[in-house]
Amino acid sequence: MSARFHADVALASGTTLGLPEQAARHVQVLRLQPGERILLFNGRGDGRPGSEGEFEATVTRMGRSEVDVTIGAYKATAREAARALHLVVAMPANDRMDWLVEKATELGAASIRPVMSERSVLRLKADRADKKVAHWRGIAVAACEQCGRNRVPLVHEVATLADWLKKGAAASATADDPGAGTCLLLSLRDGSRPLGQAVAGTAPGGALTFLNGPEGGLSPAEEAAAIACGFSPVTLGPRVLRAETAPLAVLAALLCS
Ligand code: SAH
């Protein structure tokens, strides 16, 4: 497969385009030459022509830092998962969140919402949160370039779990917040239903939203608040998984079979 690049611009066959900075830099690093073929996708997945698939393109000029390409044939190639699975994750610290965003993108998550909870180790103030979100969005794009996804999962702004749940409680039952479709809480509490059982009772192909705790787990008050907002507790079995393992196990179990 030709090298794939994300270009967050409108793409149309037969046009010539200067690649956006990031894609141009990437092409420069690979030392591609005029005449070489690449694939481009804009990752918007908004249903507009050219937003769900990828375009063949040919490098026509390599400048000092700019790269021009001519856009060729469009292939509507759907590599999305059969159902939309949204993650709301109390961010694990260090590079574990980077890892989670990369793997969740590969495994097909529809969106990732980083939240801070009472016991979160990682606490981000506004400017650092913005930088982190930009960093995670870059990781999601790179993972899409690598794995062939043509739709970049949305990485939301950082919110506190309490604010996000409050916002949802005020929204209507059909709104996209706090969660889309059936809302499930990944929980170690007694009485949580096994994942397979809980999912079997949902509309086939319907969206699911999973809320996952941080390293220290959600507090009992947070779990109660999530349940009051419509989340049902589910278990992944008797082992305590790390904060980044649990959502990835869900994606693997539900999207990779
Ligand atoms: N020390 C914490 C462990 C938290 S594990 C405690 O004892 O509560 C981090 C998060 O991963 C949890 O909050 C939960 O959302 C999820 N998780 C881990 N193992 C799980 C399992 N077996 N079933 C469901 N969720 C799990």
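Rules of the game
Residues numbered from 1 in each chain as written. Predicted model: local features only at pLDDT ≥ 70, side-chain atom pairs only at ≥ 80, totals over all residues. Heavy atoms only, no water. Phe/Tyr/Trp six-rings, centres within 6.5 Å; stacked < 30°, edge-to-face > 60°. Helix = DSSP H or I, 4+ residues; strand = E, 2+ residues; numbered from the N terminus. Buried < 20%, exposed > 50% of the residue type's maximum accessible area, 1.4 Å probe, protein only. Lys NZ or Arg CZ within 6 Å of the ring centre and 35° of its normal. Near = heavy atom within 4 Å. Polar contact = N/O pair within 3.5 Å; in protein donor to acceptor, adjacent residues only side chain to side chain. Areas by Shrake-Rupley, 256 points an atom, 1.4 Å probe, with all protein chains shown as cover. Nonpolar A, V, L, I, M, F, W, Y, C, P; charged D, E, K, R; others polar.

**A short note on the packing of aromatic side chains**
Going through the model one piece at a time under the given rule, you end up with two aromatic pairs. Note on Phe 55 and Tyr 74: the rings are 4.7 Å apart at their centroids and 40° apart in plane angle, and the pair reads as tilted. Taken together, the positions of Phe 55 in strand β4 (residues 54-62) and Tyr 74 in strand β5 (residues 67-75) put the pair 19 residues apart, joining distant regions of the chain. The class of Tyr 74 is partly exposed, set by a relative accessible area of 31%. Looking at Arg 4, its charged tip hangs above the ring of Phe 41, at a distance of 4.3 Å from the centre.

**Here's the deal with the site of the ligand**
Within the structure, the ligand sits among 18 residues, and Leu 186, Leu 236, Gly 237, Arg 239 and Leu 241 are positioned closest to it. Separating an oxygen atom of the ligand from a side-chain N or O atom of Asn 212 is a distance of 3.2 Å. Between the ligand and Gly 237 there is a distance of 2.9 Å, counted from a nitrogen atom to a backbone nitrogen or oxygen. Here the ligand, which alone exposes 560 Å², has 82% of that area covered by the protein. Of the residues belonging to the shell around the ligand, the class tally is nine nonpolar, seven polar and two charged.

By themselves, these observations are geometric and do not establish any function.
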